[in-house]
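# Fold and contact review
Spelled out, the chains give:
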Amino acid sequence: MTSSPNSLSSRDVSAARFVGDVREELLLAFLEEMTERRLRKSDIARLLGVHRSAVTRILNGSAPLELRTIGQLAWALGRDAEFKLPKKKRRARGANTVSVANSATNFGPSFVASETP
């Protein structure tokens, strides 16, 4: 696959989405713990033995994420980290299409959604 300097491959897009999803989950967990337990970034930093700015960089996306870091941050948040690799769902041709059927009433056409397994 050839690409221009400004385009990303589907592989890169998939990886970026995954990293973004992980960061979002970490941030949401932090916000929940901040609200429920009054947990602060400095509390997490103390638990992890790092500077508060390191926690900030992880949560705001300016620091690279490593699996070990994710596991340690989950521990500090009192959470269990999970990782799954489900198979991609294949979309059959014509899946999730909408067709218009003639209605026997005067209320207009009825819409029928069909999904192909």
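The preceding data block contains the structure.
Now for a description of the structure that goes with this document.

Definitions and limits used
Residues numbered from 1 in each chain as written. Predicted model: local features only at pLDDT ≥ 70, side-chain atom pairs only at ≥ 80, totals over all residues. Heavy atoms only, no water. Core = buried A, V, L, I, M, F, W, Y, C linked by side-chain atoms within 4.5 Å. Buried < 20%, exposed > 50% of the residue type's maximum accessible area, 1.4 Å probe, protein only. Helix = DSSP H or I, 4+ residues; strand = E, 2+ residues; numbered from the N terminus. Contact = heavy atoms within 4.5 Å. 1 Å grid on protein atoms, 1.4 Å probe; cavity = no way out; pocket = protein on both sides within 12 Å on 5 of 7 lines; lining within 4 Å. Points joined across faces, edges and corners; volume = space filled by probe spheres on them. Arc of directions from axis to C-beta. Lys, Arg positive; Asp, Glu negative; His and termini not counted. Salt bridge = Lys/Arg side-chain N within 4 Å of Asp/Glu carboxyl O. Polar contact = N/O pair within 3.5 Å; in protein donor to acceptor, adjacent residues only side chain to side chain.

For the rest of this paragraph, the subject is the nonpolar core. The nonpolar side chains of soluble globular proteins are, as a tendency, buried together. Counting residues in hydrophobic clusters, the biggest one holds 15 residues, and the most contacted among them are Leu-26, Phe-30, Ile-44, Val-55, Leu-59, Leu-73 and Leu-77. At the level of elements, α1 (10–37), α2 (41–48), α3 (52–60) and α4 (67–76) are the ones that each hand at least two residues to this core. Here the element with the most residues in this core is α1; it accounts for four residues. Those residues in contact with Leu-73 that lie beyond four places of it in its chain are Leu-26, Ile-44, Leu-48, Ile-58 and Leu-59.

A few words now on the layout of surface pockets. Put simply, the largest pocket is a space of about 810 Å³. Forming the boundary of the largest pocket are 24 residues, of which Phe-18, Val-22, Glu-82, Phe-83 and Lys-84 lie nearest the centre. Element by element, the count of residues in the lining of the largest pocket is highest for α1, at 10 residues.

A separate point is unusual backbone geometry. One non-glycine residue with positive phi stands out, namely Arg-38, at about 60°. With respect to the secondary-structure elements, Arg-38 resides in the loop between α1 and α2. Overall, Arg-38 belongs to the exposed group, its relative accessible area being 66%.

Right, let's talk about α4 for a bit. Along α4, the positions that sit buried rather than exposed are Thr-69, Ile-70, Leu-73, Ala-74 and Ala-76. One side of α4 carries all its buried residues, which in axial view fall inside an arc of 160°. Residues of α4 that are exposed and angled more than 90 degrees away from the buried face: Leu-67, Arg-68 and Trp-75. The inward-facing, buried residues of α4 abut α1, α2 and α3.

This part is about the side chain of Arg-23. Position of Arg-23 relative to the elements: it lies in helix α1. For the buried Arg-23, no salt bridge is present, and the opposite-charge side chain at shortest range is Glu-66, 10 Å distant. At 2.7 Å, the side chain of Arg-23 and the backbone oxygen of Ile-58 are in polar contact. Discounting chain neighbours no more than four positions away, the residues touching Arg-23 are Arg-57, Ile-58, Gly-61, Ala-63, Pro-64 and Leu-65.

Turning next to the environment of Phe-83. In this structure, Phe-83 sits in the loop between α4 and β1 (97–101). For the pair Phe-83 and Val-22, spaced 61 residues apart in sequence, the C-alpha separation works out to 9.9 Å.

Any functional reading would require information that these geometric values do not contain.
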